[in-house]
Amino acid sequence: MTSSSSSSDASVSAWDGLKQRIKAHYDYCSSYYHSIWGEHIHHGYWITDEETKERAQIQLMELLASLAGVDEADKKGAKVLDVGCGIGGTSRWLAKEHDCRVTGITISSEQVLMARKLTQEAGLTEDQVRFLELDAEKMHLYFNGENEKKEGNFDVVWISEAMSHLPDKNLFFENASKLLKQGGKLVVADWIKGVDLTSEQEASYITPIEEGMLLPPLSTIDQYVSYAKSNGMKVLAEPRNISKNVSKTWDISWSLVQNPSLWAMALTQGRDFVAFLKAFQAMRAGFAEGSFQYWVVVFEKL
């Protein structure tokens, strides 16, 4: 074996290990997140700063749906792939509010079970919303393989705060493009790092977030645009930095985890959970300093 192939194998093994840690984290923590944050486990988007966190979370989905045109009357019934769907809040919202037919995928088996239960309780059928345990980096193999043969079948691929967890982001764009119809939309909301950061900024603001939130190296928004264009897509809705509108999420989150029993429980679960809770402060600091950012953008398949 050459040193090059050995290095490549080691890298793949490391990323597989990270994925297992991510899966274990969400398998263990999702019920807790649901109890304190509700069915939408993603940022809120504050317009007036007076909204409740629940209303702010809906406003983020409304913003993304508007940018992608999902809210338009003639787009009713769109087939949507919700990547990194969590416990299915966005999938159910798209089905109820915009009559979409949604397939949600997550790496967490516990999230799939929770999502299906919540969806049944909401009175939605599997024809409207369904959930699969699936690694996002393997989604093209699943949907274009013997399972479903759905290449080019989706009107929308929606990924909110999940791409930052993926080691090979270009592979995601490649797979998303294959699964979209011509003219289909890729809707992205994600954690992004600023451009031209100094080594001090990386060490102080980015590395603590990457380590605590179980992330591979964060990308810049320019990298996302480049990946999309190299995989047959164009920018439909220009990239928008909405960091100031969403950063309140982490002020609220930090206040919600000020419970000694939670930290005691975290200690019993090992360093990943403790580092995750400590990263809440890193998120707040990163947003305040500007090195850590939150962007939304919509691409269209050519």
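Note that the structure is predicted; figures quoted are calculated from it, not measured.

## What about helix α7 (residues 199-212)?
Then comes step 1: With 14 residues, α7 extends 19 Å between its outermost C-alpha atoms, agreeing within 8% with the 20 Å of an ideal straight helix rising 1.5 Å per residue.
Then comes step 2: What α7 keeps buried is the set I206, I209, E210 and G212.
Then comes step 3: The positive-phi residue at the C-terminal boundary of α7 is L214, with phi of around 60 degrees.

## Regarding the nonpolar core
Then comes step 1: Counting 52 residues, the largest nonpolar core has W191, M213 and Y294 as the members making the most contacts within it.
Then comes step 2: Those residues in contact with M213, other than ones at most four positions away along the chain, are H165, W191, W250, F276, A279, F280 and M283.
Then comes step 3: Membership of the second largest hydrophobic core comes to 31 residues, among which are L81, I105, V225 and V297.

## Section: the pattern of salt bridges
Then comes step 1: Scanning the model with the defined rule gives 15 salt bridges in all.
Then comes step 2: For K178, the salt bridge goes to E174, with nearest N and O atoms at 3.2 Å. Remark: E174 and K178 occur in helix α6 (residues 169-179); sequence separation between them is four residues, near one turn of the helix.
Then comes step 3: In this structure K178 comes out as partly exposed when scored by relative accessible area, which is 29%.
Then comes step 4: In the salt-bridge network here, residues are joined through shared partners; they are K19, D135 and E137.

## Some remarks on unusual backbone geometry
Then comes step 1: Positive phi, close to 60 degrees, is recorded for E161, a residue that is not glycine.
Then comes step 2: For E161, a relative accessible area of 13% puts it in the buried group.
Then comes step 3: Of note, L214 is a non-glycine position whose phi angle comes to about 60 degrees, a positive value.
Then comes step 4: With respect to the helices, strands and loops of the structure, L214 is situated in the loop between α7 and α8 (221-230).

## Describing the environment of D190
Then comes step 1: Among the structural elements, D190 can be located in strand β5 (residues 180-193).
Then comes step 2: In sequence terms D190 and Y294 are 104 residues apart; their C-alpha atoms lie 5.8 Å from each other.
Then comes step 3: When residues no more than four places from it in sequence are discounted, the contact partners of D190 are E161, A162, M163, S164, Y224, Q293, Y294 and W295.

## Here we look at the side chain of H43
Then comes step 1: As for its placement among the helices and strands, H43 is situated in the loop between α1 (3-37) and α2 (53-68).
Then comes step 2: There is a polar contact of 2.8 Å between the side chain of H43 and the side chain of W250.
Then comes step 3: Among all residues touching H43, those that are not within four sequence positions of it are Q57, L60, E161, W191, V246, T249, W250, F287 and Y294.

## A look at the sheet that holds β5
Then comes step 1: Ordered in space as β3-β2-β1-β4-β5-β7-β6, the seven strands form an open sheet in which the pairing is mixed. Taken across any chain shown, the strands that pair with only one partner, and hence form the sheet edges, are β3 (129-133) and β6 (233-241). Neighbour-to-neighbour, the strand axes of the sheet open up by a mean angle of 15 degrees, direction not taken into account.
Then comes step 2: Relative to strand β7 (residues 292-301), β5 runs antiparallel, the two sharing nine bridges.

## Remarks on the pairing of strand β1 (residues 79-83)
Then comes step 1: Summarising burial for β1: four of the five residues are buried, a large majority.
Then comes step 2: Of the strand pairs in this sheet, β1 and strand β2 (residues 101-106) are connected by five bridges, and their pairing is parallel. Note on β2: the bridge partner recorded for D82 is G104.
Then comes step 3: In this region the chain leaves β1, passes through helix α3 (residues 89-98) and returns to the parallel neighbour β2; the handedness of that crossover is right-handed.
Then comes step 4: For β1 and strand β4 (residues 154-160), the ladder comprises four bridges, and the chain directions are parallel. Bridge pairing in β4 links V83 to I159.

## A closer look at the packing of α2 against α3
Then comes step 1: Remark: α2 packs on α3, axes separated minimally by 11 Å, with the N-to-C direction vectors making an angle of 65 degrees. Of the two possible hands of crossing, α2 and α3 adopt the one that is right-handed. Contact residues: I58, M61, E62 and A65 in α2; T90, W93 and H98 in α3.
Then comes step 2: Residue composition of the contact of α2 with α3, by class: four nonpolar, two polar and one charged.

The rules we used
Residues numbered from 1 in each chain as written. Predicted model: local features only at pLDDT ≥ 70, side-chain atom pairs only at ≥ 80, totals over all residues. Heavy atoms only, no water. Helix = DSSP H or I, 4+ residues; strand = E, 2+ residues; numbered from the N terminus. Expected span 1.5 Å × (residues − 1). Buried < 20%, exposed > 50% of the residue type's maximum accessible area, 1.4 Å probe, protein only. Core = buried A, V, L, I, M, F, W, Y, C linked by side-chain atoms within 4.5 Å. Contact = heavy atoms within 4.5 Å. Salt bridge = Lys/Arg side-chain N within 4 Å of Asp/Glu carboxyl O. Polar contact = N/O pair within 3.5 Å; in protein donor to acceptor, adjacent residues only side chain to side chain. Pairing = 2+ DSSP bridges. Axes fitted to C-alpha atoms, helices over the stretch in contact; angles between N-to-C directions. Right-handed = clockwise from strand over helix to strand, strands pointing away. Left-handed = near helix turned anticlockwise from the far one by under 90°. Nonpolar A, V, L, I, M, F, W, Y, C, P; charged D, E, K, R; others polar.

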